[in-house]
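One letter stands for each residue in the lines below.
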Amino acid sequence: AVVSTQSGHYAGEIVTEDFKAADERCPDIVRKGFSQLYNIVKTPGYQASVTDTFKLCKTFDVSQFNHLVGWARNAMLMMAMVDYPYPASFMGELPAWPVKHSCKMMLEEMETSGNEMRALAVGAGLLYNGTDGTKSCFNIYEDFIECADITGCGTGPEAKAWDFQCCTEFQLATPSTNVTDMFPPLEWNLDIASKYCEANYKVSPDPVDASLNYWSADFSAASNIIFSNGLLDPWHAGGVLEDVNPTVKAIIIAEGAHHLDLRGSNKDDPMSVILARNQEVALIAEWLGQKATDNFTEDDSANLVHF
């Protein structure tokens, strides 16, 4: 549950940690792959090389550079977000543990070609084509749509809805540095977001709206709330990770991706999510029981039907 993006620990860092956990070599492959892409567009004949490496449907030119970087960046973040222990189709037709699978594909490509940019292309392509995909090439403008959420909004009508919401209710500031994470430096702040939102929707983001309407990180006066966060999910950086008071509880799922506990049970669920669901059910049952007791008074006994 994202409450704030001002924690100082950004999504890109967590994605990097996820890929490092799969294999410590993978973040360096991604970092070098982006670096090679930046360098190759400065050389003659780069168009054919990039088009071939990333299997693009249309010949690449430098005007597409930022979008291609976003396409690859979005793939890595999305796979970390939906890093489920079983095959799922939430954000694409992905195999179980897609981060590990993507990392494995990059390592295999390195053994074959020794080229980090090609490995990056293979690893990112998993999101958009799955393990048994039928795409012979990628249309990066159909696969990835730039929006106010620089991690990506998905595609289709729901993407527009989320984009508008990020221009009004939420400001998801998730820059990258290439120092604390494996992604190219990318600045994203309120001024940049405001220009985008004004141009696309004629609205300006309100930096305090979410805090006012959703209490931001101050839940001290609240009661009966569960904040569950999976540590594989890049968005847990903006979550409530410690109990606020005796009835505002934080549940941490060590092997959990985005809302894994809210998905249906699966034979491949890790123990951490099974325990989290049991705890959630117990808490809700306890609170409902207290509510029923609180609402029942001695005066109510006169209205009971006796047999």
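In case you missed it, the structure is sitting above this.
A few points on the structure. (Residues numbered from 1 in each chain as written. Predicted model: local features only at pLDDT ≥ 70, side-chain atom pairs only at ≥ 80, totals over all residues. Heavy atoms only, no water.)

1. Notes on the layout of surface pockets
Okay, step 1: One number sums up the size of the largest pocket: a volume of about 900 Å³.
Okay, step 2: Taken together, 40 residues make up the lining of the largest pocket; nearest its centre are Met78, Met81, Phe90, Met91 and His258.
Okay, step 3: Counting residues per element, the ones that place at least two in the lining of the largest pocket are helix H4 (65-81), helix H6 (116-129), helix H7 (140-143), helix H8 (157-168) and strand S1 (225-230).
Okay, step 4: Per-element accounting of the lining of the largest pocket gives the leading share, 5 residues, to S1.
Okay, step 5: For the lining of the largest pocket, the residue count by class is 22 nonpolar, 10 polar and 8 charged. (1 Å grid on protein atoms, 1.4 Å probe; cavity = no way out; pocket = protein on both sides within 12 Å on 5 of 7 lines; lining within 4 Å. Points joined across faces, edges and corners; volume = space filled by probe spheres on them. Helix = DSSP H or I, 4+ residues; strand = E, 2+ residues; numbered from the N terminus. Nonpolar A, V, L, I, M, F, W, Y, C, P; charged D, E, K, R; others polar.)

2. A look at the packing of helix H3 (residues 46-53) against H6
Okay, step 1: The interhelical angle for the contact between H3 and H6, taken along N-to-C directions, is 40 degrees, at an axis separation of 9 Å. In terms of axis orientation, H3 runs oblique to H6. Where H3 approaches H6, its residues Ser49, Asp52 and Thr53 are matched on the opposing element by Met117, Arg118 and Ala121.
Okay, step 2: In terms of residue class, the contact of H3 with H6 is made up of 2 nonpolar, 2 polar and 2 charged. (Axes fitted to C-alpha atoms, helices over the stretch in contact; angles between N-to-C directions. Parallel < 35°, antiparallel > 145°, perpendicular 65-115°, else oblique. Contact = heavy atoms within 4.5 Å.)

3. Observations concerning the pairing of strand S2 (residues 248-253)
Okay, step 1: Here S2 lies mainly inside the structure; 5 of its 6 residues are buried.
Okay, step 2: Looking at chain direction, S1 and S2 are connected through 6 bridges and run parallel. Within S2, the position partnered with Gly230 by the bridge is Ile253. (Buried < 20%, exposed > 50% of the residue type's maximum accessible area, 1.4 Å probe, protein only. Pairing = 2+ DSSP bridges.)

4. Focus on empty space enclosed by the protein
Okay, step 1: Scanning all chains against the criterion turns up 2 cavities of 30 Å³ or more.
Okay, step 2: Forming the boundary of the second largest cavity are Val82, Tyr84, Tyr86, Ala88, Ser89, Phe90, Met91, Gly92, Leu94, Pro95 and Pro98.

5. Side note on the nonpolar core
Okay, step 1: Ranked by size, the top nonpolar core spans 57 residues in total, and within it Phe19, Phe54, Leu68, Trp71 and Met76 carry the most contacts.
Okay, step 2: Counting residues per element, the ones that place at least two in this core are helix H1 (11-22), helix H2 (26-40), H3, H4, helix H5 (98-113), H6, S2 and helix H11 (271-295).
Okay, step 3: Apart from residues no more than four positions distant in its own chain, Trp71 is found in contact with Phe54, Ala121, Ala124, Gly125, Tyr128, Phe138, Ile140, Asp143 and Phe144.
Okay, step 4: By size, the runner-up hydrophobic cluster in this structure holds 8 residues, among which are Cys147, Ala148, Cys153 and Ala159. (Core = buried A, V, L, I, M, F, W, Y, C linked by side-chain atoms within 4.5 Å.)

6. Some words on the side chain of Asp163
Okay, step 1: When you line up the elements, Asp163 lands in helix H8.
Okay, step 2: Buried charge without a partner: Asp163 forms no salt bridge, and the closest opposite charge is Lys160, 4.8 Å away.
Okay, step 3: Setting aside residues up to four positions removed in sequence, Asp163 forms contacts with Cys147, Ala148, Cys153, Tyr196 and Tyr201. (Lys, Arg positive; Asp, Glu negative; His and termini not counted. Salt bridge = Lys/Arg side-chain N within 4 Å of Asp/Glu carboxyl O.)

7. Thoughts on the packing of H5 against H6
Okay, step 1: Contact geometry of H5 with H6 gives a least axis separation of 8 Å together with a crossing angle of 150 degrees. With respect to H6, the element H5 is oriented roughly antiparallel. The handedness of the crossing between H5 and H6 is right-handed. Touching Pro98, His101, Ser102, Met105, Met106, Glu109, Met110 and Ser113 of H5 are Glu116, Arg118, Ala119, Leu120, Val122, Gly123 and Leu126, all from H6. (Left-handed = near helix turned anticlockwise from the far one by under 90°.)

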